[in-house]
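# Remarks on the overall topology
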Amino acid sequence: MNSSDKILLRALRGERTARAPFWFMRQAGRYLPEYRALRKQTPNFLEFCYTPSLAVEATLQPIERFGMDAAIIFSDILVIPDALGVAVRFEEGHGPLLTPVDSEKSLEKLDSKKLSAHLAPVYAALAKTKAALPKETALIGFCGAPWTLACYTVQGKSSKDFAQVKDVAKAQPKFFGRLITLFSDAVIIHAKAQIEAGAEIIQLFDSWAGVLAEEEFAKFVIAPTKKIVAAIKAAHPDVPVIGFPRQAGVKTLAYVAQTGLQAVSIDGSVPLEWARDNLQPVTVVQGCLDQLLLADDKAKMLEEAKKILSVLGDKAFVFNLAHGILPHTPPEHVQALCEFLKQYRHD
Ligand code: CP3
């Protein structure tokens, strides 16, 4: 099978496929017993990500169990700040912890020269995964978008609204602009290298896009994404880029119109009918089943999946979740959803 015949790639080109292709954010991870067993071997999460044999196995686990239409390489968005020299750690129960970069002076410590060498294990894992995947399964590479990377790097940890980062962006515009530029350039390098190693699609995760009001959204989300998409297109015109401006609501329309992305991943901040009427005429939509419903209520979840397909399935559409699979999700619910999606035909 030609790479371009894979059902996910056909849908991302705008073709309405007989069934909607599907994959799930965080389809690899702690809800799978085989992932928890593998992860025990290497308590340090980044070390796990940088060990190609482990990353490949974690990437393939959900494909072997459920047969999604795409594998997403097992890595993390924070490998970019890590590769630039920000010390990144993951602590059980705390999520990521980074040495905060919040001034011109702390910016001097970041260095993009070693980026590609530092991330070489990610590229090795992509090449090995590509060779091992079933011929019909697409391979997705990904990066965090500059605003979301800046959120974690300035704050140094997770936050519910990153208010402190918005304050820094206002109080030190020159510093913050340099940080966004640094991350934009790093994302371009990392995305292109992932494609060269075998990724057929790139997804940009802007997990914290939704905390920004219109003006900042244009400056820190739309503008850098536009630059990144143009650079990827210039080198690899056939590789689709999916943007995920989480919680962006109606701002998603400007995001799509101004960035040149092929597809947009949506969540509950975007009503289904609004997405059908406003987004589907201009782009391919991906989404947007509530990950809590997937974890907690199998019957209601299948009803909701049907509803999503009945509203968005008339056009090219990629089925996914609103956000990543939660650790307490029973694998059996994911199994039921995959079986439903494989047999569903929209007439
Ligand atoms: O299956 C996949 O989706 C591929 C792998 C993947 C991971 N992280 C693995 C991971 C992907 C695509 C990501 C993206 C990511 N990482 C995002 C964007 C998507 C989102 O969730 O909004 C963000 C913000 C991060 C940063 C990050 N990494 C956080 C906040 C955490 C801690 C929270 C948590 O769930 O523990 C991580 C750790 C992480 N990344 C885990 C996994 C499987 C859990 C680590 C473990 O196994 O203990």
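Only a predicted model underlies this, so the values are computations on that prediction, with no experimental measurement involved.

This part covers the pattern of salt bridges. Under the definition given, this model contains 14 salt bridges. Two residues, E200 and K6, come together in a salt bridge whose shortest N-O distance is 2.9 Å. On the criterion of sequence distance, the pair formed by E200 in the loop between α11 (173-197) and β5 (201-206) and K6 in the segment before α1 (7-12) is long-range, its members being 194 residues apart. Using a relative accessible area of 6% as the deciding quantity, one classes E200 as buried. In this structure, the salt-bridge partner of R89 is E91, at a minimum N-O distance of 2.6 Å. The exposure class of R89 is partly exposed, given its relative accessible area of 47%. We classify E91 as partly exposed; its relative accessible area is 35%.

This brings us to the site of the ligand. Lining the immediate surroundings of the ligand are 22 residues, of which R26, R30, Y35, S207 and H323 lie closest. Measuring from an oxygen atom of the ligand, one finds a side-chain N or O atom of R39 at 2.9 Å. A distance of 2.5 Å separates an oxygen atom of the ligand from a polar atom in the side chain of S207. In the complex, 87% of the free accessible area of the ligand, which totals 870 Å², lies under the protein chains.

Let us now look at the sheet that holds strand β1 (residues 70-72). Reading across the sheet, the seven strands line up as β1-β4-β5-β6-β7-β8-β9 and stay open at both edges, with parallel pairing between neighbours. In this open sheet, the two edge strands, each paired with only one partner strand, are β1 and β9 (317-321). Direction aside, neighbouring strands of the sheet carry axes that sit 25° apart on average. α11 contacts β4 (138-144) and β5 of the sheet and is inclined by roughly 170° relative to β4.

Volume-wise, the largest pocket comes out at about 1,400 Å³. Taken together, 38 residues form the lining of the largest pocket, with R26, R30, F45, D76 and F90 sitting closest to its centre. Where the lining of the largest pocket is concerned, the elements lending two or more residues are α2 (33-40), β2 (88-91) and β3 (95-98). Sorting elements by how many residues they give to the lining of the largest pocket places α2 first, with three residues. Its residues placed into classes, the lining of the largest pocket shows 20 nonpolar, 10 polar and eight charged. There is about 160 Å³ of room inside the second largest pocket.

What counts and how
Residues numbered from 1 in each chain as written. Predicted model: local features only at pLDDT ≥ 70, side-chain atom pairs only at ≥ 80, totals over all residues. Heavy atoms only, no water. Salt bridge = Lys/Arg side-chain N within 4 Å of Asp/Glu carboxyl O. Helix = DSSP H or I, 4+ residues; strand = E, 2+ residues; numbered from the N terminus. Buried < 20%, exposed > 50% of the residue type's maximum accessible area, 1.4 Å probe, protein only. Near = heavy atom within 4 Å. Polar contact = N/O pair within 3.5 Å; in protein donor to acceptor, adjacent residues only side chain to side chain. Areas by Shrake-Rupley, 256 points an atom, 1.4 Å probe, with all protein chains shown as cover. Pairing = 2+ DSSP bridges. Axes fitted to C-alpha atoms, helices over the stretch in contact; angles between N-to-C directions. Contact = heavy atoms within 4.5 Å. 1 Å grid on protein atoms, 1.4 Å probe; cavity = no way out; pocket = protein on both sides within 12 Å on 5 of 7 lines; lining within 4 Å. Points joined across faces, edges and corners; volume = space filled by probe spheres on them. Nonpolar A, V, L, I, M, F, W, Y, C, P; charged D, E, K, R; others polar.

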